[in-house]
Amino acid sequence: MPKVTYIEHGGASHEAEIAVGENVMRGALYNNVPGIAGECGGALSCATCRCFVDDAWVARVGGPATHEERELLEAAASLDTDEGPARRNVRLSCQISMTDDLDGLVVRLPAKQYA
Amino acid sequence: MTIDPAHPVPPVLPRYAGPNQIPPHIPKGLIRSIGLTTGAEFLASPHDFMAKLHEKQPPIFYDVNDFCNAWQIIKHEDALFALRHPEYFSNEGATPFPRDPDDYFYFIPIEIDPPQHRKYRNIVDPLFSPQGVLRLEGLIRQRARDLLDQFAGTGECEFTTAFGRPLPVSVFLDIMGLPQDMRDTFVQWAVDLLHSQDRETMGKAMRLISAYIKQAIAEKRAKPDDGVVSRIAHAAPDGIPLSDKEVFGFVIFLFIGGLDTVFATLNNIWLWLAQNPERCQEIINRPQDINAIVEELLRRWSVTFSGRVVAKDVELRGVKMKAGDRVTSILPACNFDPEVFPDPLKVDFDRPRKTILAFTVGVHSCMGGHLARLEVKIALQEWLSRIPQFAVKPGRKIEYRPGGVVGPKYLPLVW
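Reading the values: the criteria
- Residues numbered from 1 in each chain as written.
- Chains lettered and ligands numbered in written order.
- Predicted model: local features only at pLDDT ≥ 70, side-chain atom pairs only at ≥ 80, totals over all residues.
- Heavy atoms only, no water.
- Helix = DSSP H or I, 4+ residues; strand = E, 2+ residues; numbered from the N terminus.
- Buried < 20%, exposed > 50% of the residue type's maximum accessible area, 1.4 Å probe, protein only.
- Pairing = 2+ DSSP bridges.
- Salt bridge = Lys/Arg side-chain N within 4 Å of Asp/Glu carboxyl O.
- Contact = heavy atoms within 4.5 Å.
- Buried area = accessible area lost by both parts, 1.4 Å probe.
- Polar contact = N/O pair within 3.5 Å; in protein donor to acceptor, adjacent residues only side chain to side chain.

(A) Structural detail: the environment of B:Gly318. All names here are of chain B. With respect to the helices and strands, the residue Gly-318 is situated in the loop between strand E7 (314-316) and strand E8 (319-321). A relative accessible area of 53% places Gly-318 in the exposed class. Separated by 258 residues in sequence, Gly-318 and Ile-60 have C-alpha atoms that sit 9.4 Å apart.

(B) Region of interest: the pairing of strand E5 (residues 105-108) of chain A. In terms of strand pairing, strand E1 (residues 3-7) of chain A meets E5(A) through 4 bridges, oriented parallel. The residue bridging A:Thr5 from the neighbouring strand is A:Val106, located in E5(A).

(C) How the structure looks around the pattern of salt bridges. Residues and elements named next belong to chain B. Counted under the stated rule, the structure contains 37 salt bridges over all chains. Asp-125 is the partner of Arg-118 in a salt bridge, and the nearest nitrogen-oxygen pair spans 3.2 Å. Using a relative accessible area of 4% as the deciding quantity, one classes Asp-125 as buried. Here Arg-279 ties to Glu-282 by a salt bridge, and the two come within 2.7 Å at their closest N and O atoms. Of this pair, Arg-279 and Glu-282 both sit in helix H13 (residues 277-285), 3 residues apart, which is roughly one turn of that helix. Salt bridges sharing partners connect three or more residues here, namely Arg-279, Glu-282, Arg-286, Asp-289 and Asp-350.

(D) Structural view of the interface of chain B and chain A. Opposite the 20 residues of chain B that make contact, chain A presents 19 residues. Carbon and sulfur atoms supply 44% of the area that chain B and chain A bury against each other, a total of about 1,600 Å² over both sides. If you sort the residues of chain B by the area they bury against chain A, B:Arg84, B:Arg118 and B:Arg353 come out on top, with a joint share of 37%. A salt bridge links A:Arg26 to B:Asp125; its shortest N-O distance comes to 3.4 Å. Where chain B meets chain A, there are 11 residue pairs in polar contact (both at pLDDT 80 or more).

Here you go:
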């Protein structure tokens, strides 16, 4: 199965195998990776699974997939003001579906998913 | 205190009710008795009543009533905080559902706080995820069509019994792996248990449901299948099988949590559609926007409340709450917070995407939220393709059910 590396805000790194077709938010929940809440379960309602896609992977992952994702990310942007330049690659991890092409993906997690 | 889900014991938390049981730390100026879910003003028009709380009441107040005195939260921001901080606002002992103290069980996972909570969610989340419920789409659509076949040509129906109740019950039975010929029995049990307002009827329904579920669990243990009952019965997180009490508490929670809410939501939405035929046409004209339409309807017609118990003293918006206090988030009111949703009673399918509270937030966010969204979507699509315009039967007055799930009692429609 393809692997994803999650890097917590404090630097701790977690590698998880995620089945093709499963999303990056669920991969974190099933593998007890801290730093992703994924409250709404992928319904595009909560923006608590934000991640910052590593620069090397941005081209393959792409930007927000829908206007709902974009609106939720804009509404949550104030939570990430201290995150530095990585912030430009923010995505909802529930909207990143695993493919073999994404094997090795690296995402960074914000300090907090909600206030 | 951390509970042991495998060995349930009745909680010892105090429950205060009525004006003679108000703890001394509650400020006099914040005490109200608003008649939530039972008063005449609420029952006349529940959602309007809950929207007006923002004009009439302080953002946090302490409601005194015959059932359970509790702090009430109506601001969107405050509900997000309470629901996202189980270290202050616990679910243990917060579900006001009577159980036999000699055969006690926890409702799983809603009564279990983190970190134990996640192991239960991991058992069923794959089935209830957006991708998981999509596998059910064809089946749900067929169930909706079968129901419509029975009455679409007649020009009238009583919506709650013809469609609103049987659709979610049928889907529930499919998902759980239980036989469809139990549909009408389950409907009756749900009505008796949740709406009879009669202790004896409720008790009898609870005994019948319990016996049926225990037998179903035993059957699935012997003969596994793809249904949720079987999946829970055979679950072994970290290699440890769930106890009988855990399996039972999990299955019965899905029964109680899943049936009435979708039912009430459909009833509320269909009443509004019957009164607003131009909005039916708008929905028909915008098939590509169906997901946004469903989300807005769920915001506007949320049906329930979310209870917590204060685990340690906390101050919210300047209000001091003490450990043991009970707290209710009035979810429909939070969805009408004008600071978050301007002109909140207006149904606007083009609102920017924001967090709605129909399914709460936090770790206990409704696991059936995706299924509910899909059921509402399919119900709208299938109904409107057969019955594009309809009205409340002339001369019939709409009455609301008292209680914790808000919706009209009966909805006679004509077309």
